[in-house]
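# Geometric and topological summary
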Amino acid sequence: MPIPVLGYSQETGFEFGVGALYATYMDRSDPMNRSSNFSTIGSISTKKQYNLTLRSDIYTAGNKYHLMSEFKIRRTPFNFYGIGNNTSELMEDKVLEDQIKILLEAEKSLLPFTYTGISLGFENYTYTDKVAGGIFSADPAMKGKNGGPVLFVGLSQSFDTRNSNNYPTKGFFGRVTYQYAPNLFTKSDYSVSQIKLRASNFFPLSNSLVLGLNGIYNTVQGNDSPFYLLPQMGNDEMMRGYYKGRFREENLLSAQTEIRYRFTNRFGLVAFAGAGQVFENGNFDVNEFKPNLGGGIRYFYDPAKGLSIRLDYGVGEKAAHEKRQSGFYISLAEAF
């Protein structure tokens, strides 16, 4: 269906545009066939972000193959605070990012509920520091200030027993991906590896109440890893309330729990809480976890497939002499 695009996050401000969503089943005779979803969105925001994104998430007949793709062109102004788990608001620097992203992934079910796959991705970044003498330009230890192209090749392994890929009420989902980016381009002076682990479990507490648990671990390893590939804490899916990129480092570890109450076929409520931190290699400290909590509203525009629009508000820590971290989000689909 064609849709007007309306979104909000603290990083981009209000987002306006047009888009199209298409959801279907590749085998309508099979009640176990997962929903295949396609989307196209073009938008601008009040903080001067420009975005064109095309995505597909396809399950073939019998759920034998899982095919995913993403194409994105985006210009995003953002605030840069440096590297680490305890950056200061006083170091805020205004930076402009131009990004091109292409990602292709294919997985095959070799055993029941199990998918093994490969991926190929290309990304290109360009950066402009909008504040002369800011930390973005002045920090000599930071790598990748000029941006550059990145080519990834990777492998993935997942295990999925959820009863729905859009709005699960029971089951487990776990996925690990490995991507390697060799030094192929003259502007790049690094070769890095990315590992991402994600796991979720869902427990039905009643016909309308679901408990969801979710955890992630992301790491980037290599020589001279550029700052833009380092894991960032905070977005509309995990650690809601934290400004994306306020904290970034070689490793990110985070977990959350969410209570989902779907009181009618069209509407639902959620409450969530979590904790997370970023850390450099060999410097993990259990006392450095940062908290978050919040709640939200769901409107299911396609109740049968569990496709929703969500409004969330999250809050986080209050560092000394700073405002409490917080953020409001308008997004499509569940957070996990």
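A brief report on the enclosed structure follows. What you are looking at is a predicted structure, and each value in this text was computed from that prediction instead of being measured.

### Describing the overall build of the protein chain
- In terms of helices and strands, the protein chain carries 1 helix and 18 strands.
- Relative to a compact globule of 336 residues, whose C-alpha radius of gyration would be 20 Å, the protein chain shows 20 Å and is just as compact.
- When the backbone C-alpha atoms are referred to their principal axes, the protein chain occupies close to 60 × 45 × 40 Å.
- Counting all 336 residues of the protein chain, 47% fall into the buried class.

### Points about the nonpolar core
- One finds F80, Y127, F227 and Y228 to be the most contacted residues of the largest nonpolar core, which totals 19 residues.
- At the level of elements, β5 (65–80), β7 (114–129), α1 (135–138) and β8 (148–160) are the ones that each hand at least two residues to this core.
- What Y228 contacts, discounting residues up to four positions off in sequence, is Y125, Y127, G144, G147, G148, V150, Y190 and R248.
- Counting residues in each nonpolar core, the second largest holds 8 residues, with M233, M239, Y242 and F247 among its members.

### So, unusual backbone geometry
- Despite not being glycine, K48 has its phi angle at roughly 65 degrees, a positive value.
- Residue position: K48 is located in the loop between β3 (36–45) and β4 (50–59).
- On the basis of relative accessible area, K48 is assigned to the exposed category, the value being 60%.
- With a phi angle near 70 degrees, F113 is a residue other than glycine that sits in the positive phi range.
- Within the secondary structure, F113 is located in the loop between β6 (93–111) and β7.

### Examining the pattern of salt bridges
- Tallying each qualifying case throughout the model produces 22 salt bridges.
- Between E258 and R260 there is a salt bridge; the shortest N-O distance is 2.7 Å. By the burial criterion, E258 is buried, and R260 matches it.
- For K305, the salt bridge identified is with D302, shortest N-O distance 3.4 Å.
- Taking the relative accessible area as the measure of exposure, K305 reaches 16% and is therefore buried.
- Sharing partners across several salt bridges, the network here consists of D236, R240, E258, R260, R298, R310, D312 and E334.

### A short note on the environment of Y217
- Among the secondary structure elements, Y217 is positioned in strand β11 (residues 209–223).
- Under the relative-accessibility criterion, Y217 is labelled partly exposed at 27%.
- Distance in space between the C-alpha atoms of Y217 and V278 is 9.8 Å, their sequence separation being 61 residues.
- Leaving out residues up to four positions away in the same chain, Y217 has contacts with I195, K196, L197, N251, L252, L253 and F279.

### Description of the pairing of β3
- Sheet analysis places strand β2 (residues 13–24) next to β3, joined by 10 bridges and oriented antiparallel. Following the sheet pairing, A20 is matched in β3 by T40.
- Note that β3 and β4 share 8 bridges and pair antiparallel. Of the residues in β4, the one forming a bridge with N37 is D57.
- Taken together, β3 and the strand that follows it, β4, pair antiparallel across an intervening segment of 4 residues, in which K48 is found at a positive phi of about 65 degrees.

### Some remarks on the pairing of strand β16 (residues 290–302)
- As judged from the 10 bridges shared by strand β15 (residues 267–279) and β16, these two strands associate in the antiparallel manner. Each residue of the ladder has a partner; that of G276, found in β16, is K290.
- By the bridge criterion, 9 bridges tie β16 to strand β17 (residues 307–315) in an arrangement that is antiparallel. Its bridge partner being in β17, G294 is matched across the sheet by G314.
- The turn joining β16 and β17, which pair antiparallel and follow one another in sequence, is formed by 4 residues; a positive phi near 75 degrees is taken by G306.

### Examining empty space enclosed by the protein
- Applying the stated criterion across every chain, the model contains 1 cavity of 30 Å³ or more.
- In this structure, the largest cavity encloses a volume near 40 Å³.
- At the level of secondary structure, the elements contributing two or more residues to the lining of the largest cavity comprise β14 (251–261), β15 and β16.
- For the lining of the largest cavity, the leading source of residues is β15, giving 3 residues.
- Taken together, the residues of the lining of the largest cavity sort by class into 5 nonpolar, 1 polar and 4 charged.

### Observations concerning the side chain of S156
- In this fold, S156 is placed in strand β8.
- Polar side-chain contacts of S156 include one of 3.0 Å to the side chain of E107.
- Once you skip the residues sitting within four places of it in the chain, S156 turns out to touch E107, Y115, T116, G117, I118, R175, V176 and T177.

Basis of the calculations
- Residues numbered from 1 in each chain as written.
- Predicted model: local features only at pLDDT ≥ 70, side-chain atom pairs only at ≥ 80, totals over all residues.
- Heavy atoms only, no water.
- Helix = DSSP H or I, 4+ residues; strand = E, 2+ residues; numbered from the N terminus.
- Rg over C-alpha atoms; globule rule 2.2 N^0.38 Å.
- Buried < 20%, exposed > 50% of the residue type's maximum accessible area, 1.4 Å probe, protein only.
- Core = buried A, V, L, I, M, F, W, Y, C linked by side-chain atoms within 4.5 Å.
- Contact = heavy atoms within 4.5 Å.
- Salt bridge = Lys/Arg side-chain N within 4 Å of Asp/Glu carboxyl O.
- Pairing = 2+ DSSP bridges.
- 1 Å grid on protein atoms, 1.4 Å probe; cavity = no way out; pocket = protein on both sides within 12 Å on 5 of 7 lines; lining within 4 Å.
- Points joined across faces, edges and corners; volume = space filled by probe spheres on them.
- Nonpolar A, V, L, I, M, F, W, Y, C, P; charged D, E, K, R; others polar.
- Polar contact = N/O pair within 3.5 Å; in protein donor to acceptor, adjacent residues only side chain to side chain.

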